[in-house]
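# Structural overview
Read off the chains here:
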There are 2 protein chains.
Amino acid sequence: MNQATSTCDRILDSAEQLFAEEGFHATSLRQITQAAEVNLAAVNYHFGSKQALILAVFRRRLDALNRARLVQLEQALAQGKPPQLEAVLEAFVVPALAFTHGSADAGHRFMRILMRALADRDEQLHRALSAEYAHVMQRFARAIAEALPGLHERDLRRQLDFIVGALTYTMAECEVSDGREIAADLVRFAAAGLRKAISSRTKPGAVRTLEIHP
Amino acid sequence: MNQATSTCDRILDSAEQLFAEEGFHATSLRQITQAAEVNLAAVNYHFGSKQALILAVFRRRLDALNRARLVQLEQALAQGKPPQLEAVLEAFVVPALAFTHGSADAGHRFMRILMRALADRDEQLHRALSAEYAHVMQRFARAIAEALPGLHERDLRRQLDFIVGALTYTMAECEVSDGREIAADLVRFAAAGLRKAISSRTKPGAVRTLEIHP
DNA sequence: GTTCGATTGAAACGAGTGTTTGAATGTTAG
DNA sequence: CTAACATTCAAACACTCGTTTCAATCGAAC
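Anyway, here's the lowdown on the structure attached to this text. Keep in mind that this is a model prediction, so the values were computed, not measured.

Reading the values: the criteria
Residues numbered from 1 in each chain as written. Chains lettered and ligands numbered in written order. Predicted model: local features only at pLDDT ≥ 70, side-chain atom pairs only at ≥ 80, totals over all residues. Heavy atoms only, no water. 1 Å grid on protein atoms, 1.4 Å probe; cavity = no way out; pocket = protein on both sides within 12 Å on 5 of 7 lines; lining within 4 Å. Points joined across faces, edges and corners; volume = space filled by probe spheres on them. Helix = DSSP H or I, 4+ residues; strand = E, 2+ residues; numbered from the N terminus. Nonpolar A, V, L, I, M, F, W, Y, C, P; charged D, E, K, R; others polar. Buried < 20%, exposed > 50% of the residue type's maximum accessible area, 1.4 Å probe, protein only. Salt bridge = Lys/Arg side-chain N within 4 Å of Asp/Glu carboxyl O.

It is worth spelling out empty space enclosed by the protein at this point. Applying the stated criterion to the full structure yields eight cavities of 30 Å³ or more. Taken as a whole, the largest cavity holds about 200 Å³ of empty space. Every residue lining the largest cavity is counted, 16 residues in all, and those nearest its centre are R116 and D120 of chain A together with F24, R116 and D120 of chain B. Among the elements of the structure, helix 7 (106–119) of chain A together with helix 7 (106–119) of chain B are those that each provide at least two residues to the lining of the largest cavity. Tallied by class, the residues present in the lining of the largest cavity amount to six nonpolar, four polar and six charged.

Here it is as structure tokens:
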């Protein structure tokens, strides 16, 4: 509203960076406002409280990330009647490393924040996370169920947790430059795991199975 | 040294529980000492500092966990010349939910702490974690390489990260009672992913592949 | 120019933090 | 018993935290 970047945005940028580096509780408002070159009281004036700032930092990126995921998912669904499993998984994984709005490693930073939030037991933050994610996860679960008929929804939900865990941990831990390669590996890894889940679940006694991956 | 549980142990128990529920930075020494019914100064007397207490909480469980993993891995390796992939993965996954020394959900609690530590950027804690884990991970990587000849070590390391992420996230997030079932699913999931990785990497152009799971 | 609302600024508030201190207490060996 | 040591205790230390307050400043509408 005034200069190159508004006070609100400068606070959000600095908070995002410091939260990723130090954590939510370990980062003080004085660190944030000093890095953002704004007054200490600006945080409580614009956001109300530190907790509200944390949520705001979250929503800004998570909205964009999940929107990008859904867009790519629609593209995948539009291409084939029974959607290609790999295309669905790519729609979930690839935007996680490509949605960087600002600097090049903003995605990496945010993944670190996301992992902190998942590890955190903060109720309010957890509920806000679920609210953002529940719709998206359900949409992807449905798409995967279409691509892999025969997989029970209850099992599917757990497999999705595996993928979320692997994605979040790996993206937060590894080098930024390897992002694309990691995503490709994870898609392959997850696709194989999902296909095995269906064949094992439908025939639990069969140890010798045969799979064809088109 | 004196009663049913020593001061040190009571501090470690209370700290572990509170760290899992609230996080490292969000938990104060006064909360811990009050829950443990010991004097505030006891922490600094017995452990030196809060940071040292965090490391102590960690080492106590992680040592036992990784020791149990290696024992089960040796059993798996002793059974077959080329080790069974599923047996190797079980040796990594199952102890994570079975190593509970004290109360029934101690393992669940510790997984939450472990996830916090992985998310945390604290250098000292991270180095301590690597020191505990590096040896174990290398041992498992070698075992998996034996079970799956043809898989490059560089790729294997990344697949292991996927498994660690999936295990930590799922164990920390889900119900305690589902532990055994989750472990079985994760082993199946990971085994399929690893087998696909080797076949995809050796023949990168081949989209139509065939797999037999003995 | 004046008025009014929104924003920024410097300073203080009260509460909570990890840590230290020094005396009191318990425990063991000579 | 007593000396020496390890442990516990209550109190205080110096500091940082998130939040609040109130005056100063800005920007437009009248």
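That covers the picture; the talk isn't over yet.
All names here are of chain B. In this fold, A87 is placed in helix 5 (residues 85–93). Judged by its relative accessible area of 21%, A87 is partly exposed. Separated by 12 residues in the primary sequence, A87 and Q75 place their C-alpha atoms 9.0 Å from one another.

What follows concerns the pattern of salt bridges. The full count for this structure, using the stated rule, is 20 salt bridges over all chains. A salt bridge links E74 of chain A to R139 of chain A; the nearest nitrogen and oxygen atoms lie 3.2 Å apart. Of this pair, E74 of chain A sits in helix 4 (residues 50–79) while R139 of chain A is found in helix 8 (residues 123–147), placing the two residues 65 residues apart along the sequence. Note on R139 of chain A: relative accessible area 18%, which makes it buried. The residue R60 of chain B makes a salt bridge to E16 of chain B at a minimum N-O spacing of 3.8 Å. Placement of R60 of chain B in helix 4 (residues 50–79) and of E16 of chain B in helix 1 (residues 7–22) is noted, with a sequence separation of 44 residues between them. On the basis of relative accessibility, which here comes to 27%, the residue R60 of chain B falls in the partly exposed class. For E16 of chain B, a relative accessible area of 1% translates into the label buried. Three or more residues are tied together by salt bridges with common partners; here these are D13, E16, R60, R61 and R109 of chain A.

Spatial relationships are all this shows, so hold off on functional conclusions.
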